[in-house]
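Listed here are the chains, written in short residue letters.
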Amino acid sequence: VVSTQSTGVENMALQNIQARVRMVTGYLFAQLINWARGKSGSLLVLSSANVDEALVGYLTKYDCSSGDLNPIGSICKKDLNSFVAHSKEVFGFPSIDSFLTAVPTAELEPISEAYTQTDEEDIGLSYNELNDIGKLRKIDRCGPFFMYKRLACMWTMPPKELGDKVKLFFQKYAINRHKACVITPAYLCEQYCPDDNRYDLRPFLYNPKWDVQFREIDNSIKVGVLAKQHGAPSTANIDKFGKK
């Protein structure tokens with residue numbers, strides 16, 4: 001059990017053990033259910049992890065995100081919530097309200113009155129932000145610097161905060177890219193799915209420092225700050241097509 005007294009490394013190691021037990025348990029029941037019912041064969045295991053979690057690597061390798069098929073593996077969190085809300089109207093299940101209002105959590109750390117583990121806090125980015133980032137990364141083929149410039153036109157936040165978010169994503173993306181090599185097959189719904197076995201043949205080994213691109217982001221932030229201090233127009237909100 002994860003302890004509130006654990007160090008960061010111990011905490012993550014214990015969370016990963018719990019996560020992998022979920023996969024082992026899923027395959028255990030998949031093999032035994034038919035046997036318990038006097039039938040032959042075994043069942044397929046459906047895994048869980050949406051496309052935004054896979055994109056940023058917010059999953060444990062060989063945990064409940066691993067299985068035979070992932071019905072939501074290429075669906076973003078925003079669309080999943082829309083599907084759940086639609087099913088509430090179609091099937092008339094009032095209990096679905098609890099799913100729509102629940103805060104997304106991995107449920108791998110102890111819950112107390114003062115603390116509840118949440119996905120977005122763990123990731124450092126919201127699911128809506130990941131949706132925008134995913135589309136710019138794959139569909140518009142943006143690297144860190146051009147993504148920073150494009151998001152400066154889309155999001156309303158200070159340049160430093162925006163730059164930090166872009167850097168955080170690309171660091172996590174680089175470090176966790178190897179997970180996409182073993183990702184569970186999923187029906188293609190989003191164009192920015194990171195599944196490299198079927199429709200994303202990008203490298204899976206990156207330098208997470210992104211020296212040149214991150215330096216350009218920092219330079220762009222400095223230019224914007226200096227321009228603001230001296231009353232000059234900033235170029236920080238101009239995208240790669242030269243449009244504001």
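A brief report on the enclosed structure follows. As the structure is a prediction and not an experimental result, all values here were calculated from the model.

1. Details of the packing of helix α6 (residues 127–138) against helix α7 (residues 144–154)
Turning to step 1, where the next piece is worked out: Interhelical geometry of α6 versus α7 gives an angle of 135° and a closest axis separation of 11 Å. What the angle tells us is that α6 and α7 run oblique. Considering how the two elements wind past one another, α6 and α7 form a crossing that is right-handed. Along its contact with α6, which presents D132, I133, L136 and R137, the element α7 presents M147, R150, L151 and M154.
Turning to step 2, where the next piece is worked out: Classifying every residue of the contact of α6 with α7 gives 5 nonpolar, no polar and 3 charged.

2. Remarks on the packing of aromatic side chains
Turning to step 1, where the next piece is worked out: Applying the stated criterion across every chain yields a total of 8 aromatic pairs.
Turning to step 2, where the next piece is worked out: Ring centres of F170 and W210 lie 5.1 Å apart, and the angle between their planes is 70°; on these two criteria the pair is classed as edge-to-face. A residue pair is termed long-range when its members are at least 10 positions apart, and F170 in helix α8 (residues 159–176) and W210 in the loop between α8 and α9 (211–229) qualify at 40 residues.
Turning to step 3, where the next piece is worked out: Judged by its relative accessible area of 14%, W210 is buried.
Turning to step 4, where the next piece is worked out: Ring geometry for Y206 versus W210: centroids 5.3 Å apart, planes at 25°, classification stacked.
Turning to step 5, where the next piece is worked out: Within the aromatic cluster, the residues linked to one another by ring pairs are F169, F170, Y173, Y206 and W210.
Turning to step 6, where the next piece is worked out: The aromatic ring of Y127 is capped on one face by K77, whose charged end is 5.4 Å from the ring centroid.

3. Here we look at the nonpolar core
Turning to step 1, where the next piece is worked out: In this structure, L151, F169 and F170 are the most contacted members of the largest nonpolar core, which totals 33 residues.
Turning to step 2, where the next piece is worked out: For this core, the elements supplying multiple residues, two or more each, are α2 (51–56), α6, α7, α8 and α9.
Turning to step 3, where the next piece is worked out: Those residues in contact with F170 that lie beyond four places of it in its chain are C142, G143, P144, M147, W210 and F214.

Definitions and limits used
Along each chain, the written sequence defines residue order, and numbers are assigned to residues from 1. Reporting of local features is limited, given that this is a predicted model, to residues whose pLDDT is at least 70; pairs of side-chain atoms are given and counted only at 80 or more, and all residues count toward the totals for whole chains, interfaces and linings. Calculated side-chain values reflect all of the structure's heavy atoms, with hydrogen atoms and water omitted. An axis is simply a line fitted to the C-alpha atoms; with a helix, the fit covers only the stretch in contact. Between two such axes, the angle follows the N-to-C directions and lies from 0 to 180 degrees. We count a stretch as a helix when DSSP gives it H or I for four or more residues in a row; a strand needs E for two or more, and each element gets its number in order from the N terminus. For classification, angles of less than 35 degrees are called roughly parallel, those exceeding 145 degrees roughly antiparallel, those between 65 and 115 degrees roughly perpendicular, and all remaining angles oblique. Throughout, a crossing is termed right-handed when the near helix is turned clockwise from the far one, and left-handed when it is turned anticlockwise from it by less than a right angle. Contacts: residue pairs with any heavy atoms within 4.5 Å of one another. Each residue is assigned to one of three groups, with Ala, Val, Leu, Ile, Met, Phe, Trp, Tyr, Cys and Pro labelled nonpolar, Asp, Glu, Lys and Arg labelled charged, and all others, Gly among them, labelled polar. Centre distance within 6.5 Å is the pairing criterion for rings of Phe, Tyr and Trp, where only the six-membered ring of Trp is used; planes under 30 degrees apart are then read as stacked, over 60 as edge-to-face, and the remainder as tilted. The cut-offs for exposure are 20% and 50% of the maximum accessible area for each residue type, with area from a 1.4 Å probe on protein chains only; residues under the lower value are buried, those over the upper are exposed, and the others partly exposed. Geometrically, a lysine NZ or arginine CZ counts as sitting over a ring once it is within 6 Å of the ring centre and also within 35 degrees of the ring normal. In this text, buried Ala, Val, Leu, Ile, Met, Phe, Trp, Tyr and Cys residues form a nonpolar core when linked through side-chain atoms within 4.5 Å.

Spatial relationships are all this shows, so hold off on functional conclusions.
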